[in-house]
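# Analysis of the macromolecular model
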Amino acid sequence: MDPRTVELLETSFKLLAPRGPELVDRFYAHLFSAHPQVRPMFPQDMTDQKMKLLASIQLVISNVRNSDALFEPLTNLGRRHLYYGSEPAHYPLVRDTLIGVMCDMAGEAWTEDFERAWTDALNLVAGIMIEGQKKEQASPQFQSLATDKD
């Protein structure tokens, strides 16, 4: 990522980091309200899931200056998401919902530059995760599971 995008991500996240639990609460409320079809992919008790999402966002922000460090953890995250029923079409829903919640929470402090930076970053994250899903789909373990279901 270019230095300007990195700076925008870090600056905008500083606005929201103190309200991290609220961010993930609002994110899931909006996601499930706008896209109820994704709700069955998640556990009934969302406590751990919310902590995982917040930790994932923090992982991205803390490594945004060294995005190579994100490749392996995001690839593995994508592999795991395959088993939850995640599909490539879900990533834009997540991206747009998260950015919308960030914008709402930051209020007037939110800028179009922040939105572009987060869109770019989340598209990069989604791309890596989707590649992880594709690798997992091609794996003998997944092929074996798929064959067993038939």
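Below: a short report on this structure. Computed from a prediction, not measured in an experiment: that's the story for all the values here. (Residues numbered from 1 in each chain as written. Predicted model: local features only at pLDDT ≥ 70, side-chain atom pairs only at ≥ 80, totals over all residues. Heavy atoms only, no water.)

According to the stated counting rule, one finds eleven salt bridges in the structure shown. One salt bridge connects E10 with R65, and the closest N-O pair in it is separated by 2.7 Å. Highlighted residues: E10 in helix α1 (residues 3–16) and R65 in the loop between α3 (47–62) and α4 (68–84), separated in sequence by 55 residues. Residue R65 is classed as exposed on the basis of its relative accessible area, which comes to 61%. Where R79 meets E136, a salt bridge forms, and the shortest distance between an N and an O atom there is 2.9 Å. Here the residue R79 occupies a position in helix α4, and E136 occupies one in helix α6 (residues 112–137), the gap between them amounting to 57 residues. By relative accessible area, which is 7% here, E136 ends up buried. Through salt bridges with shared partners, a single network forms among R4, E7, E112, D113 and R116. (Salt bridge = Lys/Arg side-chain N within 4 Å of Asp/Glu carboxyl O. Helix = DSSP H or I, 4+ residues; strand = E, 2+ residues; numbered from the N terminus. Buried < 20%, exposed > 50% of the residue type's maximum accessible area, 1.4 Å probe, protein only.)

What follows covers the side chain of H35. On the secondary structure map, H35 appears in the loop between α2 (20–34) and α3. Given the relative accessible area of 18%, H35 is considered buried. Setting aside residues no more than four positions away along its own chain, H35 makes contact with L93 and T97. (Contact = heavy atoms within 4.5 Å.)

Scope: geometric values only; no functional claims are made or implied.
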